[in-house]
Amino acid sequence: MNTPTHSSEYMLLFRNTNWDQGLSTEEFRRVMDQINAWLDNVNAQGIVKAGQPLLDGGRLVSGQGRTVVDGPFAESKEAIGGYFLLQADDLEEAVQIAKSHPALEYGMEIEVREVTDECPKSRRAKELLAYAIV
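The text that follows walks through the structure, step by step, so that each part is easy to find. Treat the numbers as computed from the prediction; the structure is a model and nothing was measured.

Each value, and the rule that gives it
Throughout, residues of each chain are indexed from 1 in the direction in which the sequence is written. Residue-level local features of this predicted model are given only where pLDDT is at least 70; pairs of side-chain atoms are given and counted only at 80 or more, and the full residue set underlies all totals for whole chains, interfaces and linings. Calculated side-chain values reflect all of the structure's heavy atoms, with hydrogen atoms and water omitted. Two strands are said to pair when DSSP picks up at least two bridges between them. For the purposes of this entry, the term helix denotes a DSSP run of H or I that reaches at least four residues, the term strand denotes a run of E that reaches at least two, and both are numbered from the N terminus. A fitted line through C-alpha atoms represents every axis, and for helices the fit uses only the stretch in contact; the resulting angles, taken between N-to-C directions, go from 0 to 180 degrees. Should any heavy atoms of two residues lie within 4.5 Å, those residues are considered in contact. In the sections that follow, a salt bridge refers to a side-chain nitrogen of Lys or Arg positioned within 4 Å of a carboxyl oxygen of Asp or Glu. The buried label goes to any residue with under 20% of its type's maximum accessible area, the exposed label to any with over 50%, and the partly exposed label to all in between, with areas taken from a 1.4 Å probe on protein chains only. Within this scheme, the nonpolar core is defined by two criteria: the residues are buried Ala, Val, Leu, Ile, Met, Phe, Trp, Tyr or Cys, and they are joined through side-chain atoms within 4.5 Å.

## Notes on the sheet that holds strand S2 (residues 48-53)
Phase 1: With antiparallel pairing, four strands are arranged side by side in an open sheet as S2-S5-S1-S6. For this open sheet the edge positions go to S2 and strand S6 (109-114), each flanked by a neighbour on one side alone. In this sheet, neighbouring strand axes are inclined to one another by 15° on average, regardless of whether the strands run parallel or antiparallel.
Phase 2: As paired strands, strand S1 (residues 8-15) and S6 are joined by six bridges and run antiparallel to one another. Each residue of the ladder has a partner; that of Arg15, found in S6, is Glu109.
Phase 3: Relative to strand S5 (residues 80-88), helix H1 (residues 25-44) is tilted by about 30°, and along the sheet it contacts S1, S2 and S5.
Phase 4: Across the face of the sheet, helix H2 (residues 91-99) comes into contact with S1, S5 and S6 while running at roughly 160° to S6.

## Examining the pattern of salt bridges
Phase 1: For the coordinates displayed, the defined rule picks out four salt bridges.
Phase 2: For the salt bridge of Glu9 with Lys49, the shortest nitrogen-to-oxygen distance reads 2.3 Å. With a gap of 40 residues between them, Glu9 in strand S1 and Lys49 in strand S2 connect regions that are remote in the sequence.
Phase 3: You can call Glu9 partly exposed: its relative accessible area is 23%.
Phase 4: Of the charged contacts, one joins Glu27 and Arg30 as a salt bridge, the two residues approaching to 4.0 Å between their closest N and O atoms. Of the two residues, Glu27 and Arg30 both sit in helix H1, three residues apart, roughly one turn of that helix.
Phase 5: For Arg30, a relative accessible area of 37% corresponds to the partly exposed category.
Phase 6: In this structure, a network of salt bridges that share partners links the residues Arg15, Glu111 and Arg113.

## Side note on the environment of Met11
Phase 1: Looking at the element boundaries, Met11 is found in strand S1.
Phase 2: Contacts of Met11, omitting those with residues within four sequence positions, involve Tyr83, Phe84, Leu85, Glu111, Val112, Arg113 and Val115.

## Details of the nonpolar core
Phase 1: Grouped together as the largest cluster of nonpolar side chains are 19 residues, with contacts concentrated most on Leu12, Phe14, Trp19 and Leu86.
Phase 2: At the level of elements, S1, H1, S5 and H2 are the ones that each hand at least two residues to this core.
Phase 3: If one sorts the elements of this core by residue count, H1 sits on top with four residues.
Phase 4: Once residues lying within four places of it in the same chain are set aside, the contact partners of Phe14 are Trp38, Ala79, Ile80, Gly81, Gly82, Tyr83, Phe84, His101, Met108, Glu109 and Ile110.

Take a look at the structure:
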């Protein structure tokens, strides 16, 4: 008997936009070939739902006064350079996919986060309201 598998969405956030600094032209081409092969592989599996690189810069909106600050917003090691939204059976599978990315050897970091249908704060607010009404 086949049991249905539960599949969730996970976001891979690619950090350290300067991972390629210090690579020779030949080394950079070789790594980019490996990255393109990795991209082809995950795309061929049909698990990637979306993904885009992000340009440096942008703006950060924060605080009660809605302060707007031009980017970059963090050290380049912390800056997010792009994302993938992918389908995986569980967090471990998503982590294994992330671990296979070739640029990790050069300092890139990949944050893996599960995507949810409801904001945790909204869920908490509903729970608090439900208790208040009872």
